[in-house]
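# Notes for the structure review
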Amino acid sequence: MRHFAIVGSGPAGFYTAEALAKAYGDQARIDIIDKLPVPYGLIRFGVAPDHQSIKKVSMRYDKVAEQETVRFVGNVAIGDAVSVDELRGLYDAVVMATGAPNDRKLGIPGEDLSGVMGSAAFVGWYNGHPDFADLDPSFDTSDAVVIGAGNVALDVARILSKTRAEFDGADIVAHALEALMASAICDIHILARRGPHQIAMTPKELGELGHLEACAPNLDADDFPPAEADEALEDRGLAKSVGILRDYAENSAAKGKTVHFDFFARPVRIEGDGKAERVIVERTHIDETGRARGTGEMYEVPAGLVVSCIGYSSPQIEGIPYDHRGGKYLNVDGRIDDGLYAVGWARRGPSGTIGTNRPDGYQVAGEIEAAMPPGSGGDKAGGSGLDDLLEERDVHATDFDDWRKIEAAEEAAARDGAPREKFISTEEMLALLGHK
Ligand code: NAP
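Just so we're clear, the structure is a prediction, and the values are computed from it rather than from any experiment.

### Notes on the site of the ligand
In the region of the ligand, 18 residues are neighbours, and Ala 149, Asn 151, Arg 193, Arg 194 and Gly 352 sit closest. Take Ala 149: an N or O atom from its main chain is 2.9 Å from an oxygen atom of the ligand. Note that an oxygen atom of the ligand is positioned 3.0 Å from one of the side-chain N or O atoms of Asn 151. Here the shell around the ligand is composed, by residue class, of 9 nonpolar, 5 polar and 4 charged. Summarising the domain contributions, the shell around the ligand has at least three residues from each of domain 1 (2–101 + 313–431) and domain 2 (105–308).

Okay, here's the thing in structure tokens:
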């Protein structure tokens, strides 16, 4: 019998568990461990609340968790309640699937002013992540700045600009919905340090911006290269995105709120009296290597709220070598050390779609299978050893049945048309289960 621990219950963790369960059948026991009492990681806390169809992928993960050989072990923080070394002592292989929940820093003056936050915090706040329930962003301002030209920047800009009716069917948490509905923000400035040909925004997500009820995109046609240059773009998805932007530049009509795209705009400083009031921006041009270079020309953008959407990093955990530049665990094709692996964003850094994690998880499961073929013996204690350790330390783990109880309570509390009203505190979830 082999025993495997997967640390993190987001997409990468579940695809790896699925692959291991298939490969080993009854010859392995798999524990999917999460620091929160509830599963799904990025699906629950990262994917936008108005993108419910994407969240449906969790139904596939349920089938994995319901298998006899797989357990969900929630409310157990690895690196805190239990160390990585202890876990490695208990299991034949440990797979880090922690994702990349921490914000990368901008590294500019003013970043610590009140009103400035990273997307992990802001997205976590409107998605009900217990760590960010108290963020309390202020919307008592006419202008917000969103830094970055990726899909997370689009998510944030869209959430800031939707009407109440447009949140019908979304599982945005009540505190966020009410705060957003009282928001005074009417101008949202997306700052992209490079140009339209260098965006990381995908067509479907960009297209949504053109169909908002009370908000329209605004772009300067002069920021674009000649239209013929689009044909030379090898990435056809990017060419499509650029086409959508061109259409917005030519045809967009004002609707009240506006999402302004500032290209060639690099934030150099955030200023304000105790809180963010403006972002000082340097115009850039792109050099021959494709990098943004400052031109020395500065301008300011008013901003009472600044959300940086410039990427994420994995948490540093004792016992795991860390790649500081990439913000992920040091690994070669997913292998960190004998019996220690990384998958998903913890392995590759924060890029790719949810589906990218499937081949990733299957490949690492394949490596584990090659290193310890199904049927080969092992003498590790596995899950029962973990249970003993948790009992000794008075840690109340949650299982998948507990999650089902939390899920049922969230569904029962949902406002009309919404799929659920999430608990926003771990204590509330544990109280429901009768844990301390
Ligand atoms: P991303 O796609 O890597 O975009 C990050 C953006 O931040 C880039 O435009 C980058 O510009 C910019 N940036 C980085 N450092 C910066 C700095 N110091 N100053 C100013 N700008 C900076 O990351 P993301 O938006 O966080 O998305 C992460 C992944 O999740 C992506 O694969 C994304 O597609 C995916 N995602 C998908 C969806 C969806 O499908 N609906 C939704 C959300 C996220 P440069 O290019 O110049 O470096």
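### Describing the nonpolar core
Ranked by internal contacts, the top residues of the largest apolar core, which has 48 residues, are Phe 122, Tyr 126, Val 156, Leu 160, Leu 245 and Phe 261. Contributions of two or more residues to this core are made by helix H6 (119–126), strand S7 (143–147), helix H7 (151–161), helix H8 (174–181), strand S8 (187–191), helix H11 (236–251), strand S10 (257–262) and strand S14 (305–308). Aside from chain neighbours lying at most four places away, what touches Leu 245 is Pro 196, Ile 199, Leu 206, Leu 219, Phe 224, Phe 261 and Phe 263.

### Let's talk about the packing of aromatic side chains
All told, the structure shown has 14 aromatic pairs when counted by the stated rule. Plain terms: the ring middles of Phe 122 and Phe 139 are 6.3 Å apart, the flat faces sit at 80° to each other, and that makes the pair edge-to-face. Note that Phe 122 is positioned in helix H6 and Phe 139 in the loop between H6 and S7, a separation of 17 residues in sequence. Since its relative accessible area comes to 0%, Phe 122 is described here as buried. For Phe 139, a relative accessible area of 6% puts it in the buried group. Measuring from centroid to centroid gives 6.0 Å for Tyr 312 and Trp 345, while their planes differ by 20°, and the two rings are stacked. With a gap of 33 residues between them, Tyr 312 in strand S15 (residues 312–313) and Trp 345 in helix H12 (residues 345–348) connect regions that are remote in the sequence. Taken together, the ring pairs connect Phe 14, Tyr 15, Tyr 40, Tyr 61 and Trp 403 into an aromatic cluster. Here the basic side chain of Arg 358 rests over the ring of Tyr 362, its NZ or CZ set 4.6 Å away from the ring centre.

### Comments concerning the domain arrangement of the chain
Taken domain by domain, the chain consists of domain 1 (2–101 + 313–431) and domain 2 (105–308). For domain 1 and domain 2, the distance between their C-alpha centroids amounts to 31 Å. Contact with domain 1, which involves 25 residues of that partner, is made by 23 residues of domain 2. Sorting the residues of domain 1 by area buried against domain 2 places Phe 45, Pro 49 and Ile 424 first, and these three jointly supply 31% of that buried surface. In this structure, the connection of domain 1 to domain 2 is made through 5 salt bridges. Residue Asp 50 pairs with Arg 158 through a salt bridge whose shortest N-O separation is 2.8 Å. For the pair domain 1 and domain 2, the number of links is 13 residue pairs in polar contact (both at pLDDT 80 or more). Elements with a minimum of two residues in the side of domain 1 that touches domain 2: helix H2 (42–45), helix H3 (52–55) and helix H16 (426–432). Within the side of domain 1 that touches domain 2, the residues separate by chemical class into 11 nonpolar, 6 polar and 8 charged.

Rules behind the numbers
- Residues numbered from 1 in each chain as written.
- Predicted model: local features only at pLDDT ≥ 70, side-chain atom pairs only at ≥ 80, totals over all residues.
- Heavy atoms only, no water.
- Near = heavy atom within 4 Å.
- Polar contact = N/O pair within 3.5 Å; in protein donor to acceptor, adjacent residues only side chain to side chain.
- Nonpolar A, V, L, I, M, F, W, Y, C, P; charged D, E, K, R; others polar.
- Domains from an automatic or database assignment.
- Core = buried A, V, L, I, M, F, W, Y, C linked by side-chain atoms within 4.5 Å.
- Buried < 20%, exposed > 50% of the residue type's maximum accessible area, 1.4 Å probe, protein only.
- Helix = DSSP H or I, 4+ residues; strand = E, 2+ residues; numbered from the N terminus.
- Contact = heavy atoms within 4.5 Å.
- Phe/Tyr/Trp six-rings, centres within 6.5 Å; stacked < 30°, edge-to-face > 60°.
- Lys NZ or Arg CZ within 6 Å of the ring centre and 35° of its normal.
- Buried area = accessible area lost by both parts, 1.4 Å probe.
- Salt bridge = Lys/Arg side-chain N within 4 Å of Asp/Glu carboxyl O.

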